[in-house]
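Summary of the model geometry
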Amino acid sequence: MIPFSVLDLSPIVEGGDAAQSLRNTLDLAQHAERWGYQRYWLAEHHGMAGIASAATAVVIAHVAGGTSRIRVGAGGVMLPNHSPLVIAEQFGTLESLFPGRIDLGLGRAPGSDQATARALRRDLNADPNEFPQDVVELMHYFEPVAEGQRVRAVPGAGLKVPVWILGSSLFGAQLAAELGLPFAFASHFAPAQMMQAIEVYRSRFKPSEQLAKSHVMLGFNVFAADTDAQAHFLSSSMQQAFVNLRSGRPSRLQPPVDAYEERLTPPERAILEQTLSCSAIGSPETVRRGLQAFVDRTGADELMITSQIFDHHARLRSYEITASLQG
């Protein structure tokens, strides 16, 4: 089996708070390191009641400081929200503190609603279509300082921070291929163009100083438990989260409920079937078959496992089961 990594949205559960979520994030990262996961990524979202990782670089420092070997990074930073120089300084600082362990994944979505995006940028002229130029500018700040260079990232210049392109469409695949960067596809919630994006990326990939050959990491939902029935029960928290989000009612992660899908309307059920099609839910053997079938179908080089489970101990158990299937 290929390497597995962890995507953590640092979920804020109903009845909990961000402080507990961030403690759980560090605890999960420490377990993930012991269980052999390749990397631990956190995602930038803003104004979301159920996600505590908005200040992504700060949470990365929290996780990296409490672990010793696992790579820690952003999956990702939503670059249109930020100045490329500021992100270069933040991740140059992280690389200086935790050398050889930091990843920088970049996306072009705002990670928020439009009103929040405007509040973040403080610049109504910001254009997400400038994302490719912003990526190139950011990467430039990690290069050694050239003679006469006036704008520089300190820390940042001369540091080797691996840059990834994140995407859920063909745009990200094309950009990652053109720049010779690793590509992470958000198949865990937006799988519609996954196979086409993989083909575009691999067929157009140009080797670069960072990467000699293409590398595809795919998002994949896992809800693993000792029995199929228990796993399906646990997965209902994630199902509620997606239905609430798509209905314009984003919420904290809700407790699991029995037979949740039976309560849904046909359109709601169709949303879940499409959105969560890249998932494995069940006992260890069921999950093993689901993971293997997905890898066989996609040829992924790495999987980014996400498990939005309400109970922290059940979430740990899901990741532990998943890790045991890497051998």
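Residues numbered from 1 in each chain as written. Predicted model: local features only at pLDDT ≥ 70, side-chain atom pairs only at ≥ 80, totals over all residues. Heavy atoms only, no water.

Observations regarding the side chain of threonine 298
To be explicit about the condition: The helix and strand labels rest on DSSP assignments: H or I over at least four residues marks a helix, E over at least two residues marks a strand, and numbering proceeds from the N terminus. In the analysis that follows, any N or O atom pair within 3.5 Å is treated as a polar contact, provided that within protein one partner can donate a hydrogen and the other can accept it, and provided that, for residues neighboring in sequence, both atoms belong to side chains. Should any heavy atoms of two residues lie within 4.5 Å, those residues are considered in contact.
Secondary-structure assignment places threonine 298 in helix α10 (residues 284–298). There is a polar contact of 2.8 Å between the side chain of threonine 298 and the backbone oxygen of phenylalanine 294. Ignoring any residue separated from it by four or fewer positions in sequence, one finds threonine 298 in contact with Met194, Met195, Ile198, Arg202 and Leu218.

Re the packing of helix α3 (residues 84–97) against helix α5 (residues 131–141)
Operational definition: Geometry is summarised by axes, namely lines fitted to C-alpha atoms with helices restricted to the contacting stretch, and by angles between N-to-C directions that run from 0 to 180 degrees. An angle counts as roughly parallel when it lies under 35 degrees, as roughly antiparallel when it exceeds 145, as roughly perpendicular when it falls between 65 and 115, and as oblique in every other case. For a crossing to be left-handed, the near helix must be turned anticlockwise from the far one by less than a right angle; the clockwise case is right-handed.
At a minimum axis separation of 9 Å, α3 and α5 run at an interaxial angle of 40°. What the angle tells us is that α3 and α5 run oblique. As α3 runs across α5, the sense of the crossing is right-handed. Note on element contacts: α5 touches α3 through Asp134, Glu137, Leu138 and Tyr141, opposite Pro84, Leu85, Ile87 and Ala88.

Overview of the packing of aromatic side chains
Threshold: Ring pairs are drawn from Phe, Tyr and Trp, using the six-membered ring of Trp, whenever the two centres fall within 6.5 Å, and their geometry is named by plane angle: stacked under 30 degrees, edge-to-face over 60, tilted for the rest. Exposure classes here rest on a 1.4 Å probe applied to the protein chains alone. A residue is buried below 20% of its type maximum, exposed above 50%, and partly exposed in between. Put simply, a charge is over a ring when the Lys NZ or the Arg CZ is close to the ring centre, within 6 Å, and near the line of the ring normal, within 35 degrees.
Scanning the entire structure with this criterion turns up 6 aromatic pairs. Each ring, one from phenylalanine 183 and one from tyrosine 201, has its centre 5.4 Å from the other, and the planes form 40°; the classification is tilted. Residue phenylalanine 183 is found in strand β6 (residues 183–185), and its partner tyrosine 201 is found in helix α7 (residues 194–204); the two are separated by 18 residues along the sequence. Look at phenylalanine 183 and you get buried, because its relative accessible area is 0%. Considering the side-chain rings of tyrosine 201 and phenylalanine 205, the 5.6 Å spacing of their centres and the 75° angle between planes classify their relative orientation as edge-to-face. For the pair formed by tyrosine 201 and phenylalanine 205, the shared burial category is buried. What links up through ring pairs into an aromatic cluster is the set Phe183, Phe185, Tyr201 and Phe205. Directly above the ring of phenylalanine 171 sits arginine 108, whose terminal nitrogen or CZ lies 3.7 Å from the centroid.

What about the pattern of salt bridges?
Close approach of charged atoms lets side chains of opposite charge pair. Cut-off, in case you're wondering: Throughout this description, the term salt bridge denotes a Lys or Arg side-chain nitrogen within 4 Å of a carboxyl oxygen of Asp or Glu.
Scanning the entire structure with this criterion turns up 10 salt bridges. A salt bridge links arginine 202 to aspartate 301, with the shortest nitrogen-to-oxygen separation between them at 3.6 Å. With arginine 202 in helix α7 and aspartate 301 in the loop between α10 and β9 (302–306), this pair connects stretches of sequence that are 99 residues apart. A single salt-bridge network, built from bridges that share partners, covers Arg39, Arg71, Asp103 and Glu302.

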